[in-house]
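This is what each chain is made of:
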Amino acid sequence: LSVPGVPILPEALRDSGFTVGILGKVGHSTPYKEFVWDFAVDQPDLGAGRSAQRYAAEAKAFFDEASETGKPFFLMANTHDPHRPFANSGQETGMRRRGLTLARPSRPFWPSEVTVPAFLPDIPEVRLEMAEYYSSVRRCDDVVGGVLDALEESGQAQNTMVIFLSDHGMALPFAKTNCYRHSTRTPLMIRWPGTIKAGSVDDDHFVSAIDLKPTILEALEIEAPNGMDGRSFCSVLRGHEQEGRDRVFTQFHMTSAERAFPMRSVITRESGYIFNAWANGDTHFRNESQSGRTFKAMQQAAKTDEAIAERVDLFVHRTPEELFDYGRDPDALRNLVEEASAKETLARMRKLLEQWMEKSNDPLLETFRGYLAEKS
């Protein structure tokens, strides 16, 4: 979250004559408590943040209000899917029994038709939770469709940039609340009529959520404030190459339960390096993904399966350093830190991370340097 005095996107847009609105995750996404949206509807009035019909109706109300005032608009529409409780799961059934009405996905998925990602074991309970997760993804798609239908109905679709993104990876072990590639490599789809060719894909440039504000401001021809850490990738959206887009730095601090598990990572096209400052052999990692079927099933299977037991132990305890060849091992299954063949890559990635931590005044910098000094 930001603090008063730090320039934020909704304020910059409002100062430029925009009306700014938000659907869902209002408290979660409001920059600071003093900031008041022009239009705000939260989870309880959106079918627990899962009703395409409610999102469409509220989006229409927002677009109509903007039309009446003659102002341009910015709408942040936050669906609460795919998030636990996943669609059709036991957790969601419990919510229904307590009287909460939840929309059904327009198309449920079944265990037999899903793909289990390779960083998880393909066992029945994991496959079942993946089906529930994909059903939630479909319900998210339904919400997005409802908002886009409302935009089309407003007559402003051809004048509006639409950005779809996810804030983190799946709420499953080795994804959400971590620094693996599957933790932070999330969907980013942008529709910019007259600029981006429909169906085009850029799989070369690295961009980060911190780049969204400068990108939006440039697209709107609004002067950006000085001192921003992100930089616009409008030139990429226009089909040009942009230098300095060959790596990304990610970080994790603490879980929603306020448990600190500080991690830092640098990811390039070929490799990924993670420094787990909390990993001391005794500390046990705890996050929300352990509340579902998958981790419990992994713990049970670990009693008789040595390979799964090793994965469970790694997830719980981790190691101070992890190095992966993402080109050959996109699911981060083989840590190369101790391998002689990866010595040069390890040194290069350590250096890249140290330089970035120094540049960003990272409070973990001296801890990282102390660790490296011990290893040298």
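First, a word on what this report is: a plain description of the structure on this page.

**Topic: unusual backbone geometry**
Each neighbour pair has its own omega, and for Asp81 with Pro82 the value is -10°, a cis peptide bond. Its location among the elements puts Pro82 in the loop between β3 (73-77) and α4 (90-97). The residue Asn361 is not glycine, and still its phi comes out positive at about 55°. Locating Asn361 in the fold gives a position in the loop between α11 (343-359) and α12 (365-375). Judged by its relative accessible area of 67%, Asn361 is exposed.

**Side note on the sheet that holds strand β8 (residues 271-276)**
An order of β6-β7-β8-β9 is seen for the 4 strands of this open sheet, with the pairing classed as antiparallel. The open sheet has two free edges, formed respectively by β6 (247-254) and β9 (321-325), since each of these has just one partner strand. Within this sheet the neighbouring strands show an average axis-to-axis angle of 10°, counted without direction. Judged from the 5 bridges that link them, β8 and β9 form a sheet pairing that is antiparallel. Across the sheet, residue Gly272 finds its bridge partner in β9, namely Phe324. Along the sheet, α12 makes contact with β8 and β9, crossing β8 at roughly 100°.

**Points about the pattern of salt bridges**
If you walk through the whole model with that rule in mind, you get 26 salt bridges. Two residues, Glu366 and Arg369, come together in a salt bridge whose shortest N-O distance is 3.4 Å. Of this pair, Glu366 and Arg369 both sit in helix α12, 3 residues apart, which is roughly one turn of that helix. Its relative accessible area of 27% is what places Arg369 among the partly exposed residues.

**Examining the sheet that holds strand β2 (residues 39-41)**
Pairing is parallel across the open sheet formed by 3 strands, whose spatial order is β2-β1-β3. Strands at the two margins of the open sheet, each flanked by one partner only, are β2 and β3. Along the sheet, successive strands turn relative to each other by an average axial angle of 5°, direction set aside. One ladder, built from 5 bridges, connects strand β1 (residues 19-23) with β3; its direction is parallel. Bridge pairing links Leu23 to Ala77 in β3.

**Notes on α4**
Glu92, Gly94 and Met95 are the residues of α4 that are buried. Down the axis of α4, the smallest arc covering the buried residues is 155°, so these residues share one side. Buried residues along α4 sit against α5 (124-154). Just downstream of α4, Gly99 is the residue with a positive phi angle, here 95°.

**Side note on the packing of helix α3 (residues 52-69) against α5**
Where α3 meets α5, the axes come as close as 8 Å, and the angle between the chain directions of the two elements is 30°. Between α3 and α5, the angle falls in the class roughly parallel. As α3 packs across α5, the resulting crossing turns out to be right-handed. Each of Ala52, Tyr55, Ala56, Ala59, Lys60 and Phe63 in α3 lies in contact with α5, whose residues at this interface are Asp142, Val143, Gly146, Val147, Ala150, Leu151, Glu153 and Ser154. Of the residues contributing to the contact of α3 with α5, the split by class is 9 nonpolar, 2 polar and 3 charged.

**Comments concerning the pairing of strand β7 (residues 260-268)**
When you tally the buried positions in β7, you get 8 out of 9 residues, the bulk of the element. With 7 bridges joining them, β6 and β7 adopt antiparallel strand pairing. Considered in β7, the bridge of Gln251 is made with Arg264. Taken together, β6 and the strand that follows it, β7, pair antiparallel across an intervening segment of 5 residues, in which Glu258 is found at a positive phi of about 65°. Here β7 pairs with β8 via 5 bridges, running antiparallel. The partner of Arg264 across the bridge, within β8, is Phe275. Taking the residues between adjacent antiparallel strands as the criterion, β7 and β8 are bridged by 2 residues.

Cut-offs and rules
- Residues numbered from 1 in each chain as written.
- Predicted model: local features only at pLDDT ≥ 70, side-chain atom pairs only at ≥ 80, totals over all residues.
- Heavy atoms only, no water.
- Helix = DSSP H or I, 4+ residues; strand = E, 2+ residues; numbered from the N terminus.
- Buried < 20%, exposed > 50% of the residue type's maximum accessible area, 1.4 Å probe, protein only.
- Pairing = 2+ DSSP bridges.
- Axes fitted to C-alpha atoms, helices over the stretch in contact; angles between N-to-C directions.
- Contact = heavy atoms within 4.5 Å.
- Salt bridge = Lys/Arg side-chain N within 4 Å of Asp/Glu carboxyl O.
- Arc of directions from axis to C-beta.
- Parallel < 35°, antiparallel > 145°, perpendicular 65-115°, else oblique.
- Left-handed = near helix turned anticlockwise from the far one by under 90°.
- Nonpolar A, V, L, I, M, F, W, Y, C, P; charged D, E, K, R; others polar.

Shape descriptors only; they carry no functional weight alone.
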